[in-house]
Amino acid sequence: MAGPPAAALAGAERRPPRRRRHSTALHSPTPSILTPPPNPLSRAMVSPAPRTRTQRRRGPASPRRRALAAVGAALLSSAATTTADDPLRVMFVNQFPDRTIDLYWENHGFPDDHPDRRRLEAKIGPRGGWHASETYVGHEFSYELDGKRHYVTPPPGNVNGEQFLMLAGDHDGFRVRCEVTVNSQQYMDYLDVLVKPYWAPRAASRFLELVREKYYDGVAFNRVVPQFLTQFGIAKDYGARTKEKELTIWDDFPKEIPFEPGTLSFAGSGHDTRTTEVFVVMPGASREQLERFGTNSWETPFATIEGDVGTSALSKIYAGYGDMPPWGKGPDSANIYEADGYTKYLPKKFPKLDYIDRCYVVDEVGIEDQSEGEF
């Protein structure tokens, strides 16, 4: 069962765009499509995407901007005043390729040897299986993995009283390999991505979900700026990109994970606006630039490129077109979302772009059919 992405926060404030350049990766300016999500499992967890602001670079962060960012982070992490026994809805997700996780409700009102001390809450299947628990703040759950019992006390939720947790035990992460073209489609190479289960679980789950759906197969690296970022995530298939851009996920709670070259984060344009577009921090990014990433609530690391980032395929992706308009002559993301984005716009105006051939979860090879790629 594929886990549904988490819902966008209704009524989030949208501030007008600033005119100066800044350093964040944002969504493309695309119109809102007010149609319901296609999957009934997703209806409680997603919402139509709002109109988005133009992508820009940010200049040095002013004291006022830093203060606003700190306030925004505080609002996200403590959006609602909670106390013990307040209602809480928790989404537990299992991303292991072939393990079912038994989730237990811990009842501390009984002694450890009492039969009611631990009650089975749910069996959560692999590859995005999930369970929604209606519980309360401060209650403890447990599950066993690799012979060890792990205890989980979900922290307070967001303003909607919801929390999203991945059950991964002591697991370091889930490996995704993306086979890509490099040097303007002259060669094939690959990027090994380690998706971290606890950095940003909503983002991690959404990325794995899209990989399993083969959403990123054939996708262009449409924004490549050396010493800054590489951005991708607009599907080659018009139907897929039109559908998925409607679905946004809530921001993850900040974990103070620093951005480094090779860090992956979803792009966004405001609170709770992440959909499918991802950016990767490029080798050579300055320390000042790295510190600017993450000042927006939607910029939360969820994965990292494994190995030496400086010599990886990331440094070989064609960057000759530069940034997107108006800061460069690269592809305009809004045009890629059009029906002829991949059939006319990119091949005719930007023939040297590099592409993702296919992405797959490494440990799931052989469990289900993998795509054959296109290059």
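Above this text sits the structure in question.
Here the structure is a predicted model, which means the values were calculated and not measured.

Calculation rules
Residues numbered from 1 in each chain as written. Predicted model: local features only at pLDDT ≥ 70, side-chain atom pairs only at ≥ 80, totals over all residues. Heavy atoms only, no water. Disulfide = S-S within 2.5 Å. Helix = DSSP H or I, 4+ residues; strand = E, 2+ residues; numbered from the N terminus. Expected span 1.5 Å × (residues − 1). Buried < 20%, exposed > 50% of the residue type's maximum accessible area, 1.4 Å probe, protein only. Polar contact = N/O pair within 3.5 Å; in protein donor to acceptor, adjacent residues only side chain to side chain. Contact = heavy atoms within 4.5 Å. Pairing = 2+ DSSP bridges. Axes fitted to C-alpha atoms, helices over the stretch in contact; angles between N-to-C directions. 1 Å grid on protein atoms, 1.4 Å probe; cavity = no way out; pocket = protein on both sides within 12 Å on 5 of 7 lines; lining within 4 Å. Points joined across faces, edges and corners; volume = space filled by probe spheres on them. Nonpolar A, V, L, I, M, F, W, Y, C, P; charged D, E, K, R; others polar. Salt bridge = Lys/Arg side-chain N within 4 Å of Asp/Glu carboxyl O.

**Student:** Report on the state of the cysteines, specifying residues and quantitative values.
**Tutor:** By definition, a disulfide links the sulfur atoms of two cysteines through a covalent bond. Summed over all chains, the structure comprises one disulfide. Each sulfur in the disulfide pair Cys178 and Cys359 lies 2.1 Å from the other. When the S-S torsion is 110°, as for the bridge of Cys178 with Cys359, the disulfide is right-handed. Taken together, the residues span a long stretch of sequence, with Cys178 in strand 8 (residues 174-182) and Cys359 in strand 15 (residues 356-361) at a distance of 181 residues.

**Student:** Any details on unusual backbone geometry? Residues and values, ideally.
**Tutor:** At the junction of Pro325 and Pro326, the peptide bond is cis and its omega measures out at 5° in the coordinates. In this structure, Pro326 sits in the loop between strand 14 (301-305) and helix 5 (333-336). One non-glycine residue, Ser184, adopts positive backbone phi at about 60°. If you check the backbone angles, Lys214 has positive phi at about 60° while not being a glycine. Its place among the elements puts Lys214 in the loop between helix 2 (201-212) and strand 10 (221-225).

**Student:** Go over helix 2, please, and point to the residues and values.
**Tutor:** A rise of 1.5 Å per residue sets the reference length of helix 2, with its twelve residues, at 16 Å; its end C-alpha atoms lie 16 Å apart and thus fit the reference within 8%. Where burial is concerned, most of helix 2 is hidden: twelve out of the twelve residues are buried. In the segment just after helix 2, Lys214 is the residue with positive phi, at about 60°.

**Student:** Describe the side chain of Asp192, and please don't skip the residues or the numbers.
**Tutor:** Considering the arrangement of structural elements, one finds Asp192 in strand 9 (residues 187-195). You can call Asp192 buried: its relative accessible area is 19%. There is a polar contact of 2.7 Å between the side chain of Asp192 and the side chain of Arg177. Excluding residues that lie within four positions of it along the chain, Asp192 makes contacts with Val176, Arg177, Thr304, Ile305 and Glu306.

**Student:** Can you tell me about the sheet that holds strand 11 (residues 229-232), naming the residues and giving the values?
**Tutor:** Strand order in the open sheet formed by eight strands is 10-11-13-12-14-9-8-15, and the pairing between neighbours is antiparallel. The sheet is open, and its two edges are formed by strand 10 and strand 15, each paired on a single side. Averaged over all adjacent pairs, the angle separating strand axes in this sheet is 25°, with direction ignored. Alignment of strand 8 against strand 9, held across nine bridges, turns out to be antiparallel.

**Student:** Residues and numbers for the layout of surface pockets, please.
**Tutor:** Each pocket or cavity is described by its volume, and for the second largest pocket that value is around 330 Å³. Residue lining of the second largest pocket: 20 residues in total, with Pro155, Phe164, Leu165, Pro201 and Lys255 positioned closest to the centre. Of all the secondary-structure elements, those providing two or more residues to the lining of the second largest pocket are strand 6 (148-152), strand 7 (162-166) and helix 2. Here the residues of the lining of the second largest pocket sort into 13 nonpolar, four polar and three charged.

**Student:** Hey, could you go over the pattern of salt bridges for me, with residue numbers and the actual values?
**Tutor:** Enumeration according to the criterion identifies 22 salt bridges in this entry. Among the salt bridges present, the one from Arg149 reaches Glu144, with a minimum N-O distance of 3.5 Å. For Glu144, a relative accessible area of 46% puts it in the partly exposed group. A salt bridge links Lys316 to Asp189, with the shortest nitrogen-to-oxygen separation between them at 3.1 Å. Of this pair, Lys316 sits in the loop between strand 14 and helix 5 while Asp189 sits in strand 9, and the two are 127 residues apart along the sequence. In this structure Lys316 comes out as partly exposed when scored by relative accessible area, which is 31%. Where salt bridges share partners, they join Glu106, Asp112, Arg117 and Arg118 into one cluster.

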